[in-house]
Amino acid sequence: DGGITQSPKYLFRKEGQNVTLSCEQNLNHDAMYWYRQDPGQGLRLIYYSQIVNDFQKGDIAEGYSVSREKKESFPLTVTSAQKNPTAFYLCASRRSGQEGSSYEQYFGPGTRLTVT
Amino acid sequence: LAKTTQPISMDSYEGQEVNITCSHNNIATNDYITWYQQFPSQGPRFIIQGYKTKVTNEVASLFIPADRKSSTLSLPRVSLSDTAVYYCLVGDMEYGNKLVFGAGTILRVKS
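Described in the following lines is the structure provided in the data block. Throughout this document, residue positions are counted from 1 along each chain, in the order its sequence is written. All chains are assigned letters beginning with A, and all ligands numbers beginning with 1, in the order in which they are written. With pLDDT at 70 or above as the cut-off, local features in this predicted model cover only qualifying residues; side-chain atom pairs require 80 or more to be listed or tallied, and sums for whole chains, interfaces and linings still use all residues. Excluded from the side-chain calculations are hydrogens and water; all other atoms, namely the structure's heavy atoms, are used.

**A look at the overall build of chain B**
Thought 1: Secondary structure elements follow DSSP: runs of H or I of four or more residues count as helices, runs of E of two or more count as strands, with numbering from the N terminus. The helix and strand inventory of chain B stands at zero helices and nine strands.
Thought 2: Put simply, chain B runs from its N terminus to its C terminus through helices and strands in the order β-β-β-β-β-β-β-β-β.
Thought 3: Since a compact globule built from 111 residues should have a radius of gyration of about 13 Å, the 13 Å found for chain B is in line with a globular shape.
Thought 4: Across its three principal axes, chain B shows a C-alpha extent of roughly 40 × 30 × 25 Å.
Thought 5: Only protein chains enter the accessibility calculation, which uses a 1.4 Å probe; a residue is then buried when its area is under 20% of its type maximum, exposed when over 50%, and partly exposed in between. The 111 residues of chain B split such that 46% are buried.
Thought 6: The Shrake-Rupley method, run with a 1.4 Å probe, gives the accessible areas here. Residue values count only the displayed protein chains as cover. When the accessible surface of chain B is split by element, carbon and sulfur atoms take 50% of a total near 5,500 Å².
Thought 7: Separation of charge centres in chain B, based on 10 positive and 9 negative side chains, amounts to 3 Å. Note on method: radius of gyration uses C-alpha positions; expected globular size equals 2.2 Å times residues raised to 0.38. In this charge count, Lys and Arg are treated as positive and Asp and Glu as negative; neither His nor the chain ends contribute. For this purpose, a charge sits on NZ of Lys, CZ of Arg, CG of Asp or CD of Glu.

Right, here's the structure in full:
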């Protein structure tokens, strides 16, 4: 089955530690995205990548870093510089296509990160 | 990116039709309108997308007036399992362009 996987589902870390969240897709999508969601809030874009070896900051990139060495993988590192890292993190991917086609984003199941 | 405004929450009963309206006064010529559904602790799921007039698929309809300054997601005969948050997004569907998710509308379906 094609899809997006995120691991782990739950992650616990001590304050001051960097942590890397995994995102893998086998949909052959070029674009990938990382969002953060806080309780009762909408999704906020952290980083996105349109192609391998290229990525752009989203609205809340401070304290995060990403890499895109392979088309299938877009890992997110939450650094110790992120002041409020506890949140639900969602990865998504999206295909390119002909004008007028659907450009839906496909989301992974998410990783809930708790930092204490 | 066009800003969207949706009701914070709506209540309905099983079997009723639910209409959720989204305002997007600053929609641009190249913008499409897309709706997503999200259940707690899950990633959003695409529902429907349109540019103008009416679009229908197996789960919903999307009505877009001629001026495109608003859109209405219509869910026919809702069930308890339709209780979720619904997001309206407006954006240029050019490859790679980012989408902006607002707070969404919490739909609660009661028995």
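And the narrative resumes.
**What to know about the state of the cysteines**
Thought 1: Counting rule for disulfides: a pair of cysteine sulfur atoms within 2.5 Å. Applying the stated criterion across every chain, the model contains two disulfides over all chains.
Thought 2: One disulfide in the model links Cys 23 of chain A with Cys 91 of chain A; its S-S distance is 1.8 Å. The disulfide joining Cys 23 of chain A to Cys 91 of chain A has a torsion of about -70° about its S-S bond and is therefore left-handed. Residue Cys 23 of chain A is located in strand S3 (residues 19-25), and its partner Cys 91 of chain A is located in strand S9 (residues 87-94); the two are separated by 68 residues in the primary sequence. For the pair Cys 23 of chain A and Cys 91 of chain A, one class covers both residues: buried.
Thought 3: Covalent S-S linkage joins Cys 22 of chain B and Cys 88 of chain B, the inter-sulfur distance amounting to 2.2 Å. On the sign convention where negative means left-handed, the S-S torsion of about -80° between Cys 22 of chain B and Cys 88 of chain B marks this disulfide as left-handed.

**Concerning the sheet that holds strand S5 (residues 53-56) of chain B**
All names here are of chain B.
Thought 1: Strand order in the open sheet formed by four strands is S2-S7-S6-S5, with antiparallel pairing between adjacent strands. Every interior strand has two partners, whereas the edge strands, strand S2 (18-23) and S5, have only one. Across the sheet, the axes of successive neighbouring strands diverge by a mean angle of 15°, strand direction being ignored.
Thought 2: Strands are treated as partners if at least two bridges between them are detected by DSSP. Bridge analysis of S2 against strand S7 (residues 70-75) gives six bridges, and the strand direction is antiparallel. Looking at the pairing, Val 18 lines up with Leu 75 of S7. Between the N-to-C directions of two axes lies an angle of 0 to 180 degrees, each axis being a line fitted to C-alpha atoms and, for a helix, fitted only over the stretch in contact.

**Section: unusual backbone geometry**
Thought 1: Cis rather than trans, the peptide bond between Ser 7 of chain A and Pro 8 of chain A has omega equal to -10°.
Thought 2: With respect to the secondary-structure elements, Pro 8 of chain A resides in the loop between strand S1 (4-7) and strand S2 (10-13).
Thought 3: Here Asn 28 of chain A, not a glycine, exhibits a phi torsion of approximately 65°, which is positive.
Thought 4: By the secondary structure assignment, Asn 28 of chain A is in the loop between S3 and strand S4 (31-37).
Thought 5: Of note, Thr 53 of chain B is a non-glycine position whose phi angle comes to about 55°, a positive value.
Thought 6: Note that Thr 53 of chain B resides in strand S5.
Thought 7: Accessibility expressed as a relative area gives 52% for Thr 53 of chain B, which makes it exposed.

**Focus on the packing of aromatic side chains**
When we look at a pair of aromatic rings, we describe it by the centre distance and by the angle of the planes.
Thought 1: Here a pair means two rings of Phe, Tyr or Trp (six-membered ring of Trp) with centres within 6.5 Å. Their orientation is stacked below 30 degrees between planes, edge-to-face above 60, and tilted elsewhere. The full count for this structure, using the stated rule, is 12 aromatic pairs over all chains.
Thought 2: Arranged with centres 5.9 Å apart and planes meeting at 65°, the rings of Tyr 64 of chain A and Tyr 89 of chain A form a pair that is edge-to-face. Pair noted here: Tyr 64 of chain A is in strand S7 (residues 64-66) and Tyr 89 of chain A is in strand S9, with a separation of 25 residues, a long-range link.
Thought 3: Assessed through its relative accessible area of 6%, Tyr 64 of chain A is described here as buried.
Thought 4: With centroids separated by 6.0 Å and ring planes inclined at 85°, the aromatic side chains of Tyr 36 of chain B and Phe 46 of chain B adopt a geometry described as edge-to-face.

**Some points on the environment of Gly 63 of chain A**
Residues and elements named next belong to chain A.
Thought 1: With respect to the helices and strands, Gly 63 occurs in the loop between strand S6 (54-57) and S7.
Thought 2: The class of Gly 63 is buried, set by a relative accessible area of 11%.
Thought 3: Spatially, the C-alpha atom of Gly 63 lies 8.6 Å from that of Pro 85, the residues being 22 residues apart in sequence.
Thought 4: Note on contacts: a residue pair qualifies if any of its non-hydrogen atoms lie within 4.5 Å across the two residues. Excluding anything up to four places from it in sequence, Gly 63 contacts Thr 77, Val 78, Thr 79, Ala 81 and Gln 82.

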